[in-house]
Amino acid sequence: MVDSTAGKTGREDDGVGIALDEADRGDELAVRLNEVARTLHHQGNEQETLDEIVRAAVGTIPGARHAGIMTIVDKRDVRTVAVTGDVPGGVDQVQYDTGQGPCLDTLYRHKIVNVPDLGADNPWPVFAERTLALGVASMLSFRLFVQDDDLGALNMYAPEPHAFGEESEHVGLLFAGHAAVALASAQKRDHLTEAVHTRDLIGQAKGILMERHKLTADQAFTLLVRASQRANTKLRDLAEQLTRTGEMPTGPRRRT
């Protein structure tokens, strides 16, 4: 009886210990993700945010040795916009060259794609062979966003097969959520900054024309628009040229 009770007590203690360990790991993950979120939101612009996402991903997602971010626009224009080193760029280039790979084939339909062993049977034989030659045996990809035909993907790479398990997927999905929010915020900031800069350029260009040709603000703006149309040049670019050089593609005419 004593031995049986002792054994039962031991199993219960083990269960409590496991539960406490899991709780501790959950708390550590929450702290880490909060730190990541704060760091990402403190980046200055979109590119700095992208670069920080891949650095933080390697330090957060279990199994990740390398990371990169790929964007696909209109399902045709594919670019690698952030990497932690040469390996992600090399693997992505193989996808571009072969037209094969998890990002190109599946991330429009799934939030996560885990390729545990590129040496085993998979839908991308040419891609797999060339990627193995680059020292990558397993991949884990997360969708950052899908907008119409545009896609953003966060890709993890590891030199050994089966590097990414359930914990990697769980942590990665949470991380990707934080990254997507931070990226959207950075893009919004960049767009606002660009809009303000464009407004200032056009205002400066209007001022030059108003002073030079004794025009009203509306007349100067109309002149800029017409010159932009005749030169087939964006209004912002024409205004920038005028403020930088004092010249426009076509000479302004005074409106009376």
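Worth saying up front: this structure is predicted, and the values here are computed from it rather than measured.

Colleague: Just to check I follow, could you spell out the overall build of the protein for this structure?
Modeller: Helices and strands together make up the secondary structure of the protein, namely eight helices and five strands. Counting over 256 residues, the protein shows a buried share of 34%. Contacts in the protein between residues at least 24 apart in sequence constitute 61% of all its contacts with a sequence separation of at least 6. Looking at the protein as shown, the accessible area adds up to about 14300 Å², and 50% of this sits on carbon and sulfur atoms.

Colleague: Help me understand the pattern of salt bridges, please; the structure alone is not making it clear to me.
Modeller: Oppositely charged side chains may form a pair once their charged atoms are brought near each other. With the rule as written, the count across this model stands at four salt bridges. A salt bridge links E52 to R55; the shortest N-O distance between them is 2.8 Å. Remark: R55 and E52 occur in helix α2 (residues 46-60); sequence separation between them is three residues, near one turn of the helix. Exposure remark for R55: the relative accessible area of 48% places this residue in the partly exposed category. Connected through shared salt-bridge partners, R236, D237 and E240 make up one network.

Colleague: Explain helix α8 (residues 235-245) to me, please; I cannot follow it from the model alone.
Modeller: Count 3.6 residues to each turn of an α-helix, and residues three or four apart come out pointing the same way. Those residues of α8 lying buried are L238, A239 and L242. Here the buried residues of α8 occupy an arc of 100° about the axis, which is enough to place them on one side. Immediately beyond the C-terminal end of α8, within one or two residues, lies G246, with a positive phi of roughly 80°.

Colleague: I would appreciate a short explanation of the confidence of the model for the protein in the present structure.
Modeller: In low-pLDDT segments, the atomic positions of the prediction should not be examined closely. Residue-level pLDDT values for the protein average 81, and 84% of them are 70 or greater. Long-range and interchain partners of residues 1-12, a stretch whose pLDDT sits below 50, account for zero contacts in this model, where long-range means more than four residues apart.

Colleague: Quick question: what am I supposed to make of the side chain of S228 here?
Modeller: Mapping S228 onto the fold places it in helix α7 (residues 217-231). Leaving out residues up to four positions away in the same chain, S228 has contacts with T233, K234, L235 and L238.

Colleague: Before we go on, may I ask you to explain a negative patch on the surface in this structure?
Modeller: Taken together, the side chains of D74, D77, D148 and D149 define an acidic patch exposed on the protein surface. Relative to the elements of secondary structure, D149 occurs in the loop between β4 (138-147) and β5 (150-158). We classify D149 as partly exposed; its relative accessible area is 36%.

Colleague: Please explain the packing of α7 against α8 as it appears in this structure.
Modeller: In a pair of packed helices, the angle between the axes and the distance between the axes together describe the arrangement. Closest axis-to-axis distance for the α7/α8 pair is 9 Å, and the angle between their directions is 110°. In terms of orientation, α7 lies roughly perpendicular with respect to α8. Considering only the axes of α7 and α8, their crossing is right-handed. Between α7, through F221, L224, V225, A227 and S228, and α8, the contact on the second element is made entirely by L235, L238 and L242. Within the contact of α7 with α8, the residues separate by chemical class into seven nonpolar, one polar and no charged.

Colleague: Explain the pairing of β4 here, please?
Modeller: As a general feature of sheets, a regular strand has side chains that alternate between the two faces. The sheet contact formed by strand β3 (residues 112-115) and β4 spans four bridges and is antiparallel. Of the residues in β4, the one forming a bridge with I112 is F142. As consecutive antiparallel partners, β4 and β5 are separated by two residues, and within that stretch D148 has a phi angle of approximately 55°, a positive value.

Colleague: What's the story with the side chain of T60 in this structure? I'm lost.
Modeller: Along the chain, T60 turns up in helix α2. If we ignore the near neighbours within four places in the chain, the residues touching T60 are R32, L33, V36, V171 and F175.

Colleague: Whenever I open this one, the environment of L238 confuses me. Can you help?
Modeller: Tracing the backbone shows L238 in helix α8. In this structure, the C-alpha to C-alpha distance between L238 and S228, residues 10 residues apart in sequence, is 6.4 Å.

Colleague: Looking at this structure, how should I read the sheet that holds β5?
Modeller: The strands that make up a sheet are held in pairs by hydrogen bonds between backbone atoms, and each pair lies either parallel or antiparallel. Taken in spatial order, the five strands line up as β2-β1-β5-β4-β3 in an open sheet, and their pairing is antiparallel. Only two strands of the sheet have a single partner each, and these edge strands are β2 (77-83) and β3. Recorded for the sheet is a direction-independent mean angle of 20° between the axes of neighbouring strands. Pairing between strand β1 (residues 66-73) and β5: seven bridges, direction antiparallel. Bridged to A67 within β5 is M156.

Quick notes on the rules
- Residues numbered from 1 in each chain as written.
- Predicted model: local features only at pLDDT ≥ 70, side-chain atom pairs only at ≥ 80, totals over all residues.
- Heavy atoms only, no water.
- Helix = DSSP H or I, 4+ residues; strand = E, 2+ residues; numbered from the N terminus.
- Buried < 20%, exposed > 50% of the residue type's maximum accessible area, 1.4 Å probe, protein only.
- Contact = heavy atoms within 4.5 Å.
- Areas by Shrake-Rupley, 256 points an atom, 1.4 Å probe, with all protein chains shown as cover.
- Salt bridge = Lys/Arg side-chain N within 4 Å of Asp/Glu carboxyl O.
- Arc of directions from axis to C-beta.
- pLDDT = per-residue confidence, 0-100.
- Patch = residues over 30% accessible without salt bridge, like charges linked within 9 Å, V, L, I, M, F, W, Y side chains within 5 Å.
- Lys, Arg positive; Asp, Glu negative; His and termini not counted.
- Charge placed at Lys NZ, Arg CZ, Asp CG, Glu CD.
- Axes fitted to C-alpha atoms, helices over the stretch in contact; angles between N-to-C directions.
- Parallel < 35°, antiparallel > 145°, perpendicular 65-115°, else oblique.
- Left-handed = near helix turned anticlockwise from the far one by under 90°.
- Nonpolar A, V, L, I, M, F, W, Y, C, P; charged D, E, K, R; others polar.
- Pairing = 2+ DSSP bridges.

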